[in-house]
Structures are given as C-alpha cells and as structure tokens.
There are 2 protein chains.
Amino acid sequence: MAETTDVVFAGGGIIGLAAAWEAAQRGLSVRVVDPAPGRGAAWVAAGMLAPVTESSFGEEALTRLFLAASASWPGFASRLKTATGWDTGFRACGAIAVALDASDRAQIDQLLDFQHGLGLEASRLSATDCRSLVPVLSPAVRGGALMPGDHQVDNRALVLSLIDGCVRAGVKLTSDRVVSVSLDRKGAATGVVTEGGEIYLAGTVVLAAGVDTPAIGGLPEGVLPPVRPVKGHVARLRAQPDGEAFSHTVRGLVHGHHSYLVPRADGSVVVGATSEERGYDTTVQAGAVHSLLDDARLLVPAVDEWEFVECIAGLRPASPDNAPFVGPTSVPRLLVATGHYRNGFLLAPITAESVATYIATGSVPPPLDAFPVDRRFPAARTGSDL
Amino acid sequence: MAETTDVVFAGGGIIGLAAAWEAAQRGLSVRVVDPAPGRGAAWVAAGMLAPVTESSFGEEALTRLFLAASASWPGFASRLKTATGWDTGFRACGAIAVALDASDRAQIDQLLDFQHGLGLEASRLSATDCRSLVPVLSPAVRGGALMPGDHQVDNRALVLSLIDGCVRAGVKLTSDRVVSVSLDRKGAATGVVTEGGEIYLAGTVVLAAGVDTPAIGGLPEGVLPPVRPVKGHVARLRAQPDGEAFSHTVRGLVHGHHSYLVPRADGSVVVGATSEERGYDTTVQAGAVHSLLDDARLLVPAVDEWEFVECIAGLRPASPDNAPFVGPTSVPRLLVATGHYRNGFLLAPITAESVATYIATGSVPPPLDAFPVDRRFPAARTGSDL
C-alpha cells in the first residue's frame, strides 16, 4: 500500500493538473493518477479563453462564471511562470468574430446585442475594420465584432508548465488509471483503486477524469453527475516559420458553421473545431479534416499555402446545461471537477482555486457554488446546442 | 577505402532497389548508397500500375513501354515473393475511370477512343455499371470506363520486400548520400563520393537518385539528363479495419480534376494526387489536403466517415517528354536510371531488367532503347501537362 496523501486526483488533464498544482501550492500533499497526464482533451484543445464569445442566450449565470474565470487568468499565468520559469503562452490577444454572408452578419449582430445587454465589452466592426485588424482575412468577410476581453493560452505549453510545476511542488504523478473509488464502512471515500491494482489512500478524493469520470466505479448509483463526450477535431497548421501570423483569434461564422483560427507565437495556427456526438471514439475522420479546412480557407485564403501539421480529435466532457460540475458529492470526502465542456482552459484556474478552497474550508466559493454537483436537470438533453 | 563492387547505385528508391536486387540476382556484387532507402517518393506513391489509364495523346511510344512494363510485373512480383516470402501486394485488380459531369464524361469517351485506336483493353461503363463494380461510388457518377489491365502494388510492402530481397542477395546497403561521381584520368566513372566522405569504387556506377540526380557532382556539364521535381500529395485513409473496401482502383474526373482512390487489402485507401511545380519543397500544404479530400468525397461520399491516417508529399522525377532516362551516358561506366515521373512502380521491373542487361551486354534492350539518355528536346517544357 502506497503512502497516503492529503488529496488524490483521478485524472491529470487540464483540470486535474491545475487543481493539483494549486493544492500543492497551498501546502497539501497531492497525488495525480493518470496514464498520460495532459494527453487527452487538453492536448487537442485550442486554448481559447473566451468569456465573451462563449456567452450564450439563456446561459447568463454561466457567462458570469466565465468572466470571473477570465479575471483569474493573468494572476494564475503569472504565478505559474514564476514557479516554473516557463512561458505558458497566455496572451491578452483579443478576438474578432467575422461573418461571411448576410445571415452570418445578422447572427453576429444579435450576439452583440446580447453581449451589450450583459455589459460585456464588444464592438461592431465593418469589413474594412476586420481586415485592418487581421489582414489575412478574405475579401469576402462581411464584417464582424471585436471582443477585446477574449484571450488565449498555448494549451500544450500550459500542460507542460503545469506538469513541471506539479513536480517542483512535490506532487506525485502516478502513471496508472483509476478504476474505482474505495469507501470506508460509513461510505466515505478513502482513496482510489487503479487498473494496475494499486490503492492510493487520501484525505480527499477528486475525480477530474473528464469524459471518463462517469465510468469510475465503487460508488452508489447517482453519485456521479451526467457527463457525455462531445468529440472535437482540431487541425494544426503552420503559417510561417516564426512569429504570429496575425494577432487576434479569429472566430468565423461561415455560412452558419462555426470556425476559428488561433494564431500562436511560433507561427502556427490552431484551426477548430468540429462538434460530434459519437461516444468515446477519437478516430480522426476525413470528413472532419475536410470541413475544418473548408471553412478556414474561406475565412483566410492563405490557408491553402500553409503547412498542414496534424489533425487530432479529443472528447470534451459536456454537461446537460453546459456548466461544469465542481464540488462535493453525496459521498463524504469525494469531490468531482469535470463537465467543463468547451471551456476547460478558461475555467481551469477558478476550478483549481475552488477545489483547494473547498478542501480547506468545506465550501465551494462563488461563483462556482451556483452549479452544485447534484443539481437536477428538467429533461434529458443529449445533443449539443452550440 | 571500402571494398569495390561490380555496381554501385546512387539512390535506393523504387528504381535503385529494384535494379540492385535484379543485378544481385544475376550474380553481381552490388552496393546501394542512400540515407533512407525507400523513404523518398517511393514511400509516398500510390503504387498504381496503370499502362492504360496513363496512356496519353502523343505518347504512343511511351504507352508501348508501359504495356511491356506491365507484362513484366507478374513474373517480377512472383520472383520477389519466392526470394523473400513477403507479399508485395501486387494485385491484378483492374481500374475504373469515372466521370462526375458531362464534360468529364466526354473526356473519358475521348480517351476510350484513343485507347481503342492503340488496341488497348478498355470498355465503356454506364453509371449503373460503375456502381455495380464499386458500390461506394456517389450516385452523382455519370458513367466511365473499365481498364481491366491496370493493376496495383502496395508501394510500402514492395519497398520493404525489395530491401529484404537485397539484404538476402548480399547487396550492401550504405546509409549515406552520394554527392559526386569519381572519374579516372580518361574520364570514366570509377565510383561515388558520399556526404560522409567515403569513396565507393565500382565497375559500373548507376545514378538512380530520382529528383536529386541532377545535383550529383563531379561530371562534365550536360552529362546528366534534365529531371525536375513535380510535387505530389497523397492522403492515406482507412475505410475499414480489414479487407478491401472495394475492388477496383477508382480514377475519377471531378469537374476536370484528376483524382484516384486505390483500395488496399488491409482496408486502407490511398487517395491521390496533387501535381505541383514547387521545386524541392515537400511540405504538406493545407490546400492540397483539402483538394484531395474535396475530390475524393465527391466520388465516394463515405470518405467523410473514413479515418484520416496521414497526408504526405513526395517529388516525382519528371522528364521533358514524360519518358524515363535509363541507360548509358557519355561518361564510360556511368549509367542513369531516373525520370520515371508518375510511373516509377510500373516501370521498376523493366528498368531493373534493362539496367542488368546493359551491364551484362553493353546494350539497352527494347523497348527502353527508344528513350536514350542523351536524347534532345525540341524546346524547354517546364510545366506538367498532366
């Protein structure tokens, strides 16, 4: 039997790693169990930090969470850089939404009205404005909107920084997969059991295994919240050998399709993202590669000349109301932190802080307390509406 | 100074490997110098053996070469299999050409007339015939033609078989790059000099370095024939886990674009190919990936659901008249075997036999003798007309 820690995390994706690092920074002894930390959905993600663009009709409480999450990012990135010396690629780059046809334009205008109604910072752009900000945009772009508060982080740089930060802070990274939670006679969590047959005891167990969370066993029925996989393909292109190809994240509406291009400091561009309900399948499909490139080249014709580096697919952990599940469950000493869907990177720092605060105080702080893990949903929603 | 051999090949692509194996089979001592045998254009190629589909107006002599080359394939594949035990994936699968619009249909009909004029085996197919032969074809296919004599080989299986065959036959595979030919006082070739600073002496030097052939130094001006790189992108998809997804190679005309899908026995499908004049660049471009998938999914809608395995690019060694350069040069004891352009796999056995025969007899046998290495061209042709 291995050494007991204060906390054990099942899952070392962006949420598990961020929360483990935060907990270790606060003096807790921490273990993360994951067969390949950071190599799941976190490795595929584009790393957009987009509280404004991700705001949606009917999800005002979620938008407030996004804004609070965004506010915690600069401090988090700065603390991590100080702790490790690595640059996470956090950049306050702003984003522009652009429309390719009149219907796309009308949709962006509606979103602008909604954003202004919530007091969000966003301004209408003419077609000329769009091309002044991002000269590579197609002449076909009809106009759009500027969201100066939507930023980005380099997903892979962040993952590697967090792993390094965890190691420096004494977090034990255990290469194995959690298959169940162990409970004591009173039904409280005592640790995790792994595929490799090990038991890791801990004062608190946090399930942060993304889409694999609901498959973790050993628990009474109904303890774990409903999380389903929403597959996303992302392509990585290289526009130039070095230096960002353009400055703002571009979020396009392409004849009703959502598309984005995120420029990295190294000259690469992340193009996303498809959204598919196909269970746990992460096969890269030719139709998705085609669709990503089809939309991207309509937004930015130069895409045709850019290097195609890779296309990979990951599984976003989606919840019925698109809000995450962060906090205690009905099993004592068992927390969950999953369901972050399209916003795992945006929500990672605030989730990490909330998990650490709950462990210290027994309460989930606002605004994450607005989304209790055991909240009920009016009816089954199986499809994504985004 | 290394041991002298009867023959040294500069380049171990499909031509160098096939000729080296053939020479060794005939009792010669052989060395092949290549930094990565078989990993250039041969690794990218689809492996189509298509004397009929590749026949073109004005290239009747070349078509006769293709037919002779095709006739040598079954014996070559059989001998290689006997020697190594490996299956090269040579399959007498036949090919169908299919048309997506009326103009494509008219073009295939014209080609059929030309093929019939040359006595080639090809027959017109209705749209229903096409879908009977290849049920995955789009309902939009307008009809086409059947070329029962166009076959395929698995390019990578063949390359690996040839490497194994060479090793078994005592061929020395030297991982280095030839930079120049060494000459004696009378100007005859004595061996090759490598990037690594070695000299490999041989009775005969054969330059089979594909598009890198013209860069080989140490020779008087005008000795080496004009070969230029024509870039081609190929995508590899997986249609099903095992067993061929359909039986015939599909060659599509998609609104004037040439596209092909080659089904492999393992359930994968090779999709090709672009044709670009971009010098020695082998970067995979996003526009090429898009274009390959764009055409393939119009021919076979199920492509969208297939796994995208990879897209890579290679450089075809093209000559001004699309015919290869195989035989002696003005430098004694120096042969070349390059310029095979789109038909390196089809022409590999006949090229190998001709090189071995030349070394034994001092003559290039027909029909390759119709294309002497020092033939002159009426005017510079820099673009591909295919």
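Residues numbered from 1 in each chain as written. Chains lettered and ligands numbered in written order. Predicted model: local features only at pLDDT ≥ 70, side-chain atom pairs only at ≥ 80, totals over all residues. Heavy atoms only, no water.

**Q** When you look at the overall build of chain A in this model, what are you seeing that I'm missing?
**A** On a plain count of helices and strands, chain A comes out with 8 helices and 18 strands. Taking 21 Å as the expected radius of gyration for a compact globule of 386 residues, we find that chain A reaches 21 Å, a close match to that expectation. Considered along the principal axes of its C-alpha atoms, chain A spans approximately 65 × 45 × 40 Å. The buried share of chain A, taken over its 386 residues, is 56%. Pairs at least 24 apart in sequence give 73% of the contacts found in chain A among residues at least 6 apart. Accessible surface, chain A: about 14,500 Å² in total, of which carbon and sulfur atoms supply 53%. Taken together, the 31 basic and 40 acidic charged side chains of chain A have centroids lying 3 Å from each other. (Helix = DSSP H or I, 4+ residues; strand = E, 2+ residues; numbered from the N terminus. Rg over C-alpha atoms; globule rule 2.2 N^0.38 Å. Buried < 20%, exposed > 50% of the residue type's maximum accessible area, 1.4 Å probe, protein only. Contact = heavy atoms within 4.5 Å. Areas by Shrake-Rupley, 256 points an atom, 1.4 Å probe, with all protein chains shown as cover. Lys, Arg positive; Asp, Glu negative; His and termini not counted. Charge placed at Lys NZ, Arg CZ, Asp CG, Glu CD.)

**Q** Please clarify how the packing of aromatic side chains should be interpreted in this entry.
**A** For any pair of aromatic rings, geometry is given as the distance between the ring centres together with the angle between the planes. Residues and elements named next belong to chain A. Following the criterion strictly, the structure yields 13 aromatic pairs over all chains and no others. Measuring from ring centre to ring centre gives 5.7 Å for tryptophan 21 and phenylalanine 76, while their planes differ by 90°; the resulting arrangement is edge-to-face. Of this pair, tryptophan 21 sits in helix H1 (residues 14–25) while phenylalanine 76 sits in helix H3 (residues 60–84), and the two are 55 residues apart along the sequence. When its relative accessible area of 0% is taken as the criterion, tryptophan 21 is described as buried. According to the relative accessible area criterion, phenylalanine 76 is buried, its value standing at 1%. Taken together, the aromatic side chains of Trp21, Trp73, Phe76 and Phe90 make up a single cluster linked through ring pairs. When the ring centre of tryptophan 43 is taken as origin, the NZ or CZ atom of arginine 39, which lies over that ring, is 3.6 Å away. (Phe/Tyr/Trp six-rings, centres within 6.5 Å; stacked < 30°, edge-to-face > 60°. Lys NZ or Arg CZ within 6 Å of the ring centre and 35° of its normal.)

**Q** I'm lost on helix H7 (residues 286–299) of chain A in this one. Help?
**A** Residue and element names in this part refer to chain A. Taking 1.5 Å of rise per residue, the 14 residues of H7 would be expected to cover 20 Å, and the 20 Å separating its terminal C-alpha atoms lies within 8% of that figure. Burial within H7 is extensive, with 10 of its 14 residues counted as buried. Residues of H7 that are buried: Ala286, Gly287, Ala288, Val289, His290, Leu292, Leu293, Asp295, Ala296 and Leu299. (Expected span 1.5 Å × (residues − 1).)

**Q** Sorry, what's going on with the relation of the copies chain A and chain B here?
**A** Between the two copies of the chain lies a rotation about an axis combined with a shift along it. Note on the copies: chain A fits chain B at an RMSD of 0.0 Å, the axial shift is 0.0 Å, and the rotation between them is 180°. Considering both components of the superposition, the chain copies are consistent with a two-fold axis. It is His290(A) whose C-alpha, among those of chain A, lies nearest the rotation axis, at 2.8 Å. Both copies share a contact surface, since 100% of the interface residues of chain A are interface residues in chain B too. (Least-squares fit on C-alpha atoms with pLDDT ≥ 70 in both.)

**Q** When you look at the domain arrangement of chain A in this model, what are you seeing that I'm missing?
**A** The extent of an interface is frequently quoted as the accessible surface area lost upon association of the parts. All names here are of chain A. What the domain assignment lists for chain A is domain 1 (5–43 + 157–226 + 321–376) and domain 2 (95–148 + 228–318). In this assembly, 11 residues from domain 1 lie in contact with 12 residues from domain 2. Here domain 1 and domain 2 share an interface that buries about 950 Å² over both sides, 61% of which is from carbon and sulfur atoms. Across the contact surface, domain 1 and domain 2 share 0 salt bridges. Linking domain 1 with domain 2 are 3 residue pairs in polar contact (both at pLDDT 80 or more). Considered class by class, the residues forming the side of domain 1 that touches domain 2 number 5 nonpolar, 4 polar and 2 charged. (Domains from an automatic or database assignment. Buried area = accessible area lost by both parts, 1.4 Å probe. Salt bridge = Lys/Arg side-chain N within 4 Å of Asp/Glu carboxyl O. Polar contact = N/O pair within 3.5 Å; in protein donor to acceptor, adjacent residues only side chain to side chain. Nonpolar A, V, L, I, M, F, W, Y, C, P; charged D, E, K, R; others polar.)

**Q** I keep staring at the environment of Gly217(B) and nothing clicks. Help me out?
**A** Residues and elements named next belong to chain B. Here glycine 217 lies in the loop between strand S11 (199–207) and strand S12 (228–238). Glycine 217 gets classed as partly exposed once you look at its relative accessible area, which sits at 23%. C-alpha of glycine 217 to C-alpha of valine 179: the two residues are 38 residues apart in sequence and 6.0 Å apart in space. Other than its neighbours up to four places away in sequence, glycine 217 contacts Val179, Ser180 and Val181.

**Q** Is there a simple way to explain the pairing of strand S4 (residues 95–99) of chain B in this structure?
**A** Each regular strand carries side chains that alternate between the two faces of the sheet. All names here are of chain B. Counting buried positions along S4 gives 5 out of 5 residues, so the element sits mostly inside the fold. Where S4 lies against strand S13 (residues 249–254), 5 bridges are found, and the strand directions are parallel. In the strand pairing of S13, alanine 95 is matched with threonine 249. (Pairing = 2+ DSSP bridges.)

**Q** Explain the interface of chain A and chain B to me, please; I cannot follow it from the model alone.
**A** Between chain A and chain B, the residue contacts involve 18 residues of the former and 18 residues of the latter. Taken together, both faces of the contact between chain A and chain B bury some 1,500 Å²; the carbon and sulfur share is 60%. In terms of surface lost to chain B, no three residues of chain A exceed Ala286(A), His290(A) and Phe308(A), which account for 37% of the buried area on that side. Run the count over chain A and chain B and you get 2 salt bridges. Two residues, Glu305(B) and Arg278(A), come together in a salt bridge whose shortest N-O distance is 3.1 Å.

**Q** Would you mind going over the nonpolar core with me for this structure?
**A** Generally speaking, soluble globular proteins have nonpolar side chains that are buried together. The biggest cluster of nonpolar side chains holds 61 residues, and the ones touching the most others in it are Leu261(A), Phe308(A), Leu261(B) and Phe308(B). Core analysis: the second largest hydrophobic core is formed by 55 residues, Trp21(A), Ala69(A), Ile163(A) and Tyr260(A) among them. (Core = buried A, V, L, I, M, F, W, Y, C linked by side-chain atoms within 4.5 Å.)

**Q** I tried to follow the sheet that holds strand S16 (residues 307–318) of chain A on my own but got confused; where do I start?
**A** What holds strands together in a sheet is hydrogen bonding between their backbones, with the strands either parallel or antiparallel. Residues and elements named next belong to chain A. Strand order in this open sheet of 8 strands is S5-S6-S4-S13-S14-S15-S12-S16, and the pairing throughout is mixed. Because the sheet does not close on itself, it has two edges, and the strands there are strand S5 (123–125) and S16. When the angles between neighbouring strand axes are averaged without regard to direction, this sheet yields 20°. The pairing of strand S12 (residues 228–238) with S16 spans 11 bridges and is classified as antiparallel. What sits directly across from histidine 233, in S16, is alanine 313. (Axes fitted to C-alpha atoms, helices over the stretch in contact; angles between N-to-C directions.)

**Q** Can you help me understand the side chain of Thr204(B) in this one?
**A** Residue and element names in this part refer to chain B. Examined against the element boundaries, threonine 204 turns out to sit in strand S11. With a relative accessible area of 12%, threonine 204 lands in the buried category. Leaving out residues up to four positions away in the same chain, threonine 204 has contacts with Asp6, Val7, Val8, Arg333, Leu335 and Ile359.

**Q** It is not clear to me how the packing of helix H1 (residues 14–25) of chain B against helix H3 (residues 60–84) of chain B should be interpreted in this structure. Could you clarify?
**A** For any two helices packed against each other, the geometry is given by the interaxial angle and the distance between the axes. All names here are of chain B. One way to put it is that H1 packs onto H3 with a least axis distance of 13 Å and a crossing angle of 70°. Viewed along their axes, H1 and H3 adopt a mutual orientation that is roughly perpendicular. Here the hand of the crossing between H1 and H3 comes out left-handed. Across the interface between the two elements, Ala18, Trp21 and Glu22 of H1 pack against Phe76, Arg79, Leu80 and Ala83 of H3. For the contact of H1 with H3, the per-class residue count stands at 5 nonpolar, no polar and 2 charged. (Parallel < 35°, antiparallel > 145°, perpendicular 65-115°, else oblique. Left-handed = near helix turned anticlockwise from the far one by under 90°.)

**Q** Would you mind going over the sheet that holds S4(B) with me for this structure?
**A** Residues and elements named next belong to chain B. With mixed pairing, 8 strands are arranged side by side in an open sheet as S5-S6-S4-S13-S14-S15-S12-S16. Every interior strand has two partners, whereas the edge strands, strand S5 (123–125) and strand S16 (307–318), have only one. Taking each pair of neighbouring strands and ignoring which way they run, the sheet shows an average axis angle of 20°. Against the sheet, helix H7 (residues 286–299) makes contact with S4, S12, S13, strand S14 (257–263), strand S15 (268–272) and S16, and its axis sits at roughly 75° relative to S14, the strand it touches most.

**Q** Can you help me understand the pairing of S14(B) in this one?
**A** All names here are of chain B. Among the 7 residues that make up S14, 5 are buried, leaving the element largely enclosed by the rest of the structure. The pairing of S13 with S14 spans 5 bridges and is classified as antiparallel. When the sheet's bridge partners are listed, arginine 251 is paired in S14 with tyrosine 260. If you look at the hairpin formed by S13 and S14, you'll find 2 residues sitting between the two strands, and histidine 255 has a positive phi there, around 50°.

**Q** Got a minute to help me understand the pattern of salt bridges in this structure?
**A** Throughout the structure, instances matching the rule amount to 38 salt bridges over all chains. Among the ionic pairs, Glu3(A) bridges to Lys172(A), the shortest N-O distance being 3.8 Å. Here Lys172(A) lies in strand S8 (residues 172–174) and Glu3(A) lies in the segment before strand S1 (5–10), a separation of 169 residues in the sequence. Owing to a relative accessible area of 26%, Lys172(A) belongs among the partly exposed residues under this scheme. The residue Glu277(B) makes a salt bridge to Arg228(B) at a minimum N-O spacing of 3.1 Å. You can see Glu277(B) sitting in the loop between S15 and H7 and its partner Arg228(B) sitting in strand S12, a full 49 residues away along the chain. The exposure class of Arg228(B) is buried, given its relative accessible area of 16%.

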